[in-house]
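Each chain, letter by letter, is given below.
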Amino acid sequence: NDLSGGEFQQFELHKQTMPCPFSEAEYTQHEKALKLLHENKFQAARALLEPLVAKYPDRATDKHNLALTYLYDTDGEARAEAMFLEICKAHPDYLFSKAELARLAIKRNDLSAAKEFLVFPKNLGRVHVMEYVTFLSVMGILAHAEGDLTKEKTILKNIAEIDDEESSAYISLDRLLNPIDP
């Protein structure tokens, strides 16, 4: 796929869990926070993630999830955006935060900023499948915002081939392409 503004890039997709510096108790805390985040219990998830981020400030995953607790909670969008920017500065190839920044730019109708966030990092050797399909999904949302139905359908097809039609990235983009009539 051409994801870099005109250059073909080759990389490996994987589904391995990322290395984790946590003790068993910290890992349990991390998993509980993710469960709470998925249950929309943002303040409870935040309470579990904050100590992990304080102890491991360079770990992009936990800082990103903490930023999500602010993004989805009331009036926390600006704080979340600042955290995503901080993550991207320290980890420029962390696609989850780039995708969230692009999503926020699209929401503000700043499509040129969204495009900048969606430039695929050069020389990225390995990418987790979930991270990649999230990035692709936001590329599809941008194509939708630009009115490029062909590109949007192509991205949706790519997500289905890489992951499956049950993934949240596929479902969210499919809903844009095929809205359910009330």
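Refer to the structure above for everything that follows.
First things first, this report covers the structure right here in the doc. The structure presented is a predicted model; accordingly, all values stated were derived computationally and were not measured.

### A look at helix 5 (residues 95–107)
Stage number 1. Taking 1.5 Å per residue, 13 residues should reach 18 Å; helix 5 reaches 18 Å between its end C-alpha atoms and fits that length.
Stage number 2. Within helix 5, 11 of the 13 residues are buried, which leaves it mostly tucked inside the rest of the structure.
Stage number 3. Here helix 5 has its buried residues at Leu-95, Phe-96, Ser-97, Lys-98, Ala-99, Glu-100, Leu-101, Ala-102, Leu-104, Ala-105 and Ile-106.
Stage number 4. Where the residues of helix 5 are buried, they touch helix 3 (60–72), helix 4 (77–90), helix 6 (111–117), strand 2 (126–128) and helix 7 (129–145).

### Overview of the packing of helix 3 against helix 5
Stage number 1. Orientation of helix 3 relative to helix 5, taken along the N-to-C sense of each, is 20°, at an axis distance of 11 Å. Of the possible angle classes, the one that applies to helix 3 and helix 5 is roughly parallel. As for the relative orientation of helix 3 and helix 5, their crossing is left-handed in sense. Of helix 5, the residues touching helix 3 (which contributes His-64, Leu-68, Leu-71 and Tyr-72) are Phe-96, Ser-97, Glu-100 and Leu-104.
Stage number 2. Tallied by class, the residues present in the contact of helix 3 with helix 5 amount to five nonpolar, two polar and one charged.

### Some points on helix 4
Stage number 1. For helix 4, which comprises 14 residues, the first-to-last C-alpha distance of 20 Å matches the rise-based estimate of 20 Å (1.5 Å per residue) to within 8%.
Stage number 2. Of the residues making up helix 4, those classed as buried are Ala-80, Glu-81, Met-83, Phe-84, Ile-87 and Cys-88. Projection of helix 4 onto a plane perpendicular to its axis shows the buried side chains occupying an angular sector of 160°, all on one side. For helix 4, exposure combined with an orientation more than 90 degrees from the buried face picks out Ala-78, Lys-89 and Ala-90.
Stage number 3. Those residues of helix 4 that are buried lie in contact with helix 3 and helix 5.

### Section: the environment of Glu-86
Stage number 1. Checked against the element boundaries, Glu-86 lands in helix 4.
Stage number 2. For the pair Glu-86 and His-64, spaced 22 residues apart in sequence, the C-alpha to C-alpha distance is 9.7 Å.

### Description of the nonpolar core
Stage number 1. Ile-106, Leu-118, Phe-120 and Phe-135 are the most contacted members of the largest nonpolar core, which has 23 residues in total.
Stage number 2. Listing elements by their share of this core, those giving two or more residues are helix 5, helix 6, helix 7 and helix 8 (149–162).
Stage number 3. Among the nonpolar cores identified, the runner-up in size contains 22 residues, and Leu-37, Phe-42, Leu-49 and Leu-66 belong to it.

### With respect to the side chain of Glu-81
Stage number 1. Among the structural elements, Glu-81 can be located in helix 4.
Stage number 2. Looking at Glu-81, the relative accessible area reads 17%, which means it is buried.
Stage number 3. If near-sequence neighbours (up to four positions away) are discounted, Glu-81 is found in contact with Leu-101, Leu-104 and Arg-108.

### As for the packing of aromatic side chains
The description of an aromatic ring pair rests on the distance of the ring centres and on the angle between the ring planes.
Stage number 1. For the structure on display, the rule yields four aromatic pairs.
Stage number 2. Taking the centre distance of 6.0 Å and the plane angle of 40° together, the rings of Phe-42 and Tyr-72 count as tilted. Here the residue Phe-42 occupies a position in helix 2 (residues 42–55), and Tyr-72 occupies one in helix 3, the gap between them amounting to 30 residues.
Stage number 3. Members of the aromatic cluster, connected to one another through ring pairs, are Phe-120, Tyr-132 and Phe-135.
Stage number 4. Here the guanidinium or amino end of Arg-46 rests over the ring plane of Tyr-70, the centre of that ring lying 4.1 Å away.

Criteria and cut-off values
- Residues numbered from 1 in each chain as written.
- Predicted model: local features only at pLDDT ≥ 70, side-chain atom pairs only at ≥ 80, totals over all residues.
- Heavy atoms only, no water.
- Helix = DSSP H or I, 4+ residues; strand = E, 2+ residues; numbered from the N terminus.
- Expected span 1.5 Å × (residues − 1).
- Buried < 20%, exposed > 50% of the residue type's maximum accessible area, 1.4 Å probe, protein only.
- Contact = heavy atoms within 4.5 Å.
- Axes fitted to C-alpha atoms, helices over the stretch in contact; angles between N-to-C directions.
- Parallel < 35°, antiparallel > 145°, perpendicular 65-115°, else oblique.
- Left-handed = near helix turned anticlockwise from the far one by under 90°.
- Nonpolar A, V, L, I, M, F, W, Y, C, P; charged D, E, K, R; others polar.
- Arc of directions from axis to C-beta.
- Core = buried A, V, L, I, M, F, W, Y, C linked by side-chain atoms within 4.5 Å.
- Phe/Tyr/Trp six-rings, centres within 6.5 Å; stacked < 30°, edge-to-face > 60°.
- Lys NZ or Arg CZ within 6 Å of the ring centre and 35° of its normal.

Such coordinate-based values are descriptive only and should not be taken to indicate function.
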